[in-house]
Amino acid sequence: MTPPSRRARLAVLVAVVTVAVAAAGAVSVLRPEAAGPARLRHQVTAAAGDDPTLTQAGSIVAAAGVTNSETSAAGAAAATGSAGAVTTTTTTTAVAGQPGKAPAAGQVPTGPAPAGNGAPSTPAKASPVPGWRLLPTAPIGGRLGHAAVWTGREMVIWGGMPDLDSDPLTDGAAFDPAAGTWRKLPAAPLSPRFDATALWTGREMLVFGGTSTDGDILADGAAWDPSANRWRPLPASPLGPRDGAVVAWAGDRMVVWGGATVPPPGAPDTPTSGDTPEPPGPSEMRADGSAYVPATDSWVPVPAAPIAARSGAESVWSGTRLLITGGYHEGDDDDRTDGAALDPVSGAWSPIAARPAPGSCGGDTPCDGVWTGAAALFPASGLAYDPAGDRWSAVAPYPSADSSVLADPAVWTGTRLLAWGAPSDPSADDAGADPADAGATADAGTATASDTGTATDAATATDTGTVADNGAGTADDSSDGPPPRPVGGSYDPAANRWQPVPAGPLSGRVLHSAVWTGQEMLVWGGTAGDAGLADGASYRP
């Protein structure tokens, strides 16, 4: 079976992101369902058990280069992320570290002040006062499905789609929160695309893959040097296009693993007869990989993994190992529960404990987990993995019965996970399945109301005091009502407990980006229905 193109999946995904206004006046966004085979579903739920807390000793240090999602905190290295990367709906990915050398814990990447080009926007400097503030207007248009990364100095936005009916973009811009100014990026040596993965090496932003104007999966990339304000192309991946592959930073290299092969456009699915040449064949899921090493500007093979081929696997970089878990293999009755850890230096793989419930990512479910310094969090799956104990446990469910933020972009502050976006109906998601069906192990604990706090802890429309018209961006004119009020949450893994986050001045949205600067979360772009949004805001806890 040949998987549907990623462009088709995203089109279906965002096409059904509609704003609905209930008779009582409550505003919500319908969480889109991904098109395609079962591997695109998210089927993980918190599993029952006796120990919901995450209090492991943490033998893996809080290294720089911490996650695929967002990791950078005061006293910890700047790191993420794609989403995107992932993404991945496009989630950010940024990892501290110089090519060929992992920085020490607590080290934030530094370097010459980035070179600018073009007039800066009106300054809106970072404030030490906790809370939300709007970002100045960006010099680029609104978009969704864009790549985003934190460099240690700037939030960089690149590519994406302006709306559902237009071709992807190739422009980008960088925001400096210390100065409160934007600068445009020079033209990239890349074709237009959305859903690309962005990674930070400590010196450059890598943009890899994505989906083309015609809906083709791409396997090329480029690197942007903020100091020189210059792009360079990457050598083509020896794997070719892979749909649903893991794309993650691993200390000094970008690892691409697994996914489904993508036949050339128009290739038949079955062999032909007679003198007609054999076609490339149908799509096939693979368990091989390759890694791009910036220090040598070359690709090196990744040894064979001890787990079956798959696509849509979740991943996290722990600072010493790339953890890969879950995913979908065609022909399976369900998603996978197994996983493995890769040491990118030696190339050695080691199996990890099976997760308490099967699950995969893709569509509106982020593929990038978050590394806390001691555990890997997979918020969209509701699971946490402790490498020191080779043990899984449950992430407390978001404490509101009316909405959830677990599928929204999340950042790690060093002590808390922050998630913010459009409210979704947990009962409509696969993640809201009956925990009794999750196949839980004894080690995975399910948080109860006493563990997570009551629903009054959740940021609701009445609690936030948010004015829907406050933001610069609004939903498109085709919406049936005003933009949705957003919802946000802060998760403490030590207590396994969520607390509310003020909703802020932006309208609720999906397919936006979020990065952590070490002091504040920067949110930008996304959509509340059809058109891409061009506004953003920062939140300082």
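Please read all numbers here as calculations on a predicted model, not as lab measurements.

Enquirer: Help me understand the side chain of Thr372 in this model?
Expert: With respect to the helices, strands and loops of the structure, Thr372 is situated in the loop between strand S22 (370-371) and strand S23 (376-378). The residues touching Thr372, leaving out its near neighbours within four places in the chain, are Leu377 and Trp412.

Enquirer: So what exactly am I meant to see when it comes to the sheet that holds strand S27 (residues 417-421) here?
Expert: Sheet strands line up and pair through hydrogen bonds in the backbone, either parallel or antiparallel. Reading across the sheet, the four strands line up as S26-S27-S28-S29 and stay open at both edges, with antiparallel pairing between neighbours. The strands lining the two open edges of the sheet, one partner per strand, are strand S26 (410-412) and strand S29 (497-500). The mean inter-strand angle of the sheet, taken between neighbouring strand axes irrespective of direction, is 25°. Examined bridge by bridge, strand S28 (residues 487-492) and S29 share four bridges and lie antiparallel to one another. Residue pairing in the sheet places Asp492 in a bridge with Arg497 of S29.

Enquirer: Before we go on, may I ask you to explain the state of the cysteines in this structure?
Expert: Disulfide: a covalent bond formed between the sulfur atoms of two cysteine residues. Evaluation of the coordinates by the stated rule reveals one disulfide. Residue pairing for Cys361: its cysteine sulfur links by disulfide to Cys367, the two sulfurs lying 2.0 Å apart. Note on the Cys361 and Cys367 pair: the S-S dihedral is about 100°, so by sign convention the disulfide is right-handed. The class for Cys361 is buried, based on a relative accessible area of 1%.

Enquirer: Would you mind showing me how to read the sheet that holds strand S7 (residues 181-184) here?
Expert: Pairing within the open sheet is antiparallel, and its four strands lie in the order S4-S5-S6-S7. The outermost strands of the open sheet, each flanked by one partner alone, are strand S4 (147-150) and S7. On average, adjacent strands in this sheet sit at an angle of 20° to one another, irrespective of strand direction. Looking at chain direction, strand S6 (residues 172-176) and S7 are connected through four bridges and run antiparallel. Looking at the pairing, Ala173 lines up with Lys184 of S7.

Basis of the calculations
Residues numbered from 1 in each chain as written. Predicted model: local features only at pLDDT ≥ 70, side-chain atom pairs only at ≥ 80, totals over all residues. Heavy atoms only, no water. Helix = DSSP H or I, 4+ residues; strand = E, 2+ residues; numbered from the N terminus. Contact = heavy atoms within 4.5 Å. Pairing = 2+ DSSP bridges. Axes fitted to C-alpha atoms, helices over the stretch in contact; angles between N-to-C directions. Disulfide = S-S within 2.5 Å. Buried < 20%, exposed > 50% of the residue type's maximum accessible area, 1.4 Å probe, protein only.

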